[in-house]
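Understanding the architecture of this molecule
Okay, here's what each chain looks like letter by letter:
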Amino acid sequence: MSVTPEEVLAFWFEALTPQQWFRHDPALDNDIAARFAPLTEAARRCELSTWRDDDRGRLAEIIVIDQFSRNLYRDDPRAFSHDPLALALAQQAVTEGVDGRLSITERPFLYMPYMHSESLIIHQQALALFDQPGLERNLDAERRHLGVLERFGRYPQRNAALGRDSSAAELAFLDTPGNRF
């Protein structure tokens, strides 16, 4: 694979602004596809395992699996198909203390697979992880995600992409401004 972990991190943390990380932007989706689609598929197949030899490589692999897949496969079930792998990698990294060796800007992206989980048990862990000085905005986002799961038992925002039927309550929720993340 010709792309390095440092190239992924430079793209994510230097070429992009924080506002771009979570905004639906077709131009950005296309840019990520042009640069990183084959890399994302290699990561899905666990072919980037050598990246796990150092902390920043682990973070880069998680960003590829957890973030790039959402850009590449927006409104498609494949956007979420990488989530269990991303979560397992993040859990292992946290167990090994990798998060404590990352910057406060990088750390939330190691934790993001916890937030993307539809498991209430995993979200209890996420609350503890995001409850750190400097991560207040991420903690607020985690609380909002958890609130959706406590109310519906899943993310209704994913229902259409995953072919799941939405309840009347979920449809009303989705029609409320600010409830799409």
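Residues numbered from 1 in each chain as written. Predicted model: local features only at pLDDT ≥ 70, side-chain atom pairs only at ≥ 80, totals over all residues. Heavy atoms only, no water.

1. Some words on the packing of helix α7 (residues 107-116) against helix α9 (residues 136-152)
Stated precisely, the cut-off is as follows: Axes here mean lines fitted to C-alpha atoms, for a helix over just the part in contact, with angles spanning 0 to 180 degrees between N-to-C directions. Strands are runs of DSSP state E lasting at least 2 residues, helices are runs of H or I lasting at least 4, and numbering of each runs from the N terminus. Reported orientations rely on four angle classes, namely roughly parallel under 35 degrees, roughly antiparallel over 145, roughly perpendicular from 65 to 115, and oblique for the rest. Contacts between residues were defined by any pair of non-hydrogen atoms, one from each residue, lying within 4.5 Å. In this count, Pro and Cys sit with the nonpolar residues alongside Ala, Val, Leu, Ile, Met, Phe, Trp and Tyr, while Asp, Glu, Lys and Arg are called charged and the others, Gly among them, polar.
Orientation of α7 relative to α9, taken along the N-to-C sense of each, is 10°, at an axis distance of 11 Å. One finds that α7 runs roughly parallel with respect to α9. Between α7 and α9, the contacting residues are Pro-108, Met-112 and Met-115 on the first element and Asn-138, Ala-141, Glu-142 and His-145 on the second. Considered class by class, the residues forming the contact of α7 with α9 number 4 nonpolar, 2 polar and 1 charged.

2. Details of the packing of helix α1 (residues 5-15) against helix α4 (residues 55-72)
We apply this condition: Handedness of each helix crossing follows the sense of rotation of the near helix against the far helix: counterclockwise by less than a right angle gives left-handed, clockwise gives right-handed.
Between α1 and α4, the least distance of the axes is 9 Å, while the angle of their chain directions is 60°. In terms of their interaxial angle, α1 and α4 are classed as oblique. Considering how the two elements wind past one another, α1 and α4 form a crossing that is left-handed. Seen from α1, the contacting residues are Pro-5, Glu-6, Val-8, Leu-9, Phe-11, Trp-12 and Phe-13; seen from α4, they are Arg-56, Gly-57, Leu-59, Ala-60, Ile-63, Val-64, Gln-67 and Phe-68. Its residues assigned to classes, the contact of α1 with α4 shows 11 nonpolar, 2 polar and 2 charged.

3. Notes on the nonpolar core
Our working definition: The nonpolar core is taken to be a set of buried Ala, Val, Leu, Ile, Met, Phe, Trp, Tyr and Cys residues, with the residues joined through side-chain atoms within 4.5 Å. Buried, partly exposed and exposed residues are distinguished by accessible area as a fraction of the type maximum, computed with a 1.4 Å probe on protein chains only: under 20%, between the cut-offs, and over 50%, respectively.
Within the largest apolar cluster, 48 residues are counted, with the highest numbers of intra-cluster contacts made by Val-8, Trp-12, Ile-63 and Phe-68. Those elements that place two or more of their residues in this core are α1, α3 (26-44), α4, α5 (78-81), α6 (83-95), α7, α8 (120-130) and α9. Top element by residues in this core is α4. It accounts for 8 residues. If we ignore the near neighbours within four places in the chain, the residues touching Trp-12 are Trp-21, Ile-32, Ile-63, Gln-67, Phe-68 and Phe-109. Membership of the second largest hydrophobic core comes to 6 residues, among which are Val-148, Leu-149, Phe-152 and Tyr-155.

4. What about α9?
Each α-helix winds once per 3.6 residues, and so residues spaced three or four apart point in a common direction. The cut-off we apply is this: By this rule, a helix spans an expected 1.5 Å times one less than how many residues it contains.
With 17 residues, α9 should cover 24 Å at 1.5 Å per step; its first-to-last C-alpha distance of 25 Å lies within 8% of that length. Taken together, the buried positions of α9 are Asn-138, Leu-139, Ala-141, Glu-142, His-145, Leu-146, Val-148, Leu-149 and Phe-152. One or two residues past the end of α9 sits Gly-153, with phi positive at roughly 80°.

5. Structural notes on the packing of aromatic side chains
Note the threshold: Between the rings of Phe, Tyr and Trp (Trp by its six-membered ring), a pair exists once the centres lie within 6.5 Å; its type follows the angle of the planes, with under 30 degrees stacked, over 60 edge-to-face, and the other angles tilted.
Inspection of every chain in the model, using the stated rule, returns 13 aromatic pairs. With a centroid separation of 4.8 Å and an interplanar angle of 80°, the aromatic rings of Trp-21 and Phe-109 are classed as edge-to-face. Of this pair, Trp-21 sits in helix α2 (residues 18-21) while Phe-109 is found in helix α7, placing the two residues 88 residues apart along the sequence. The class of Trp-21 is buried, set by a relative accessible area of 12%. Owing to a relative accessible area of 2%, Phe-109 belongs among the buried residues under this scheme. Grouped by ring-pair contacts, the aromatic residues Phe-11, Trp-12, Phe-13, Trp-21, Phe-22, Phe-36, Phe-68 and Phe-109 constitute a single cluster.

6. Some details on α7
Burial of α7 is extensive: 10 of the 10 residues sit out of reach of the surface. All of the buried residues along α7 are Arg-107, Pro-108, Phe-109, Leu-110, Tyr-111, Met-112, Pro-113, Tyr-114, Met-115 and His-116. On the buried face of α7, the contacting elements are α1, α2, α4, α6, α8 and α9.

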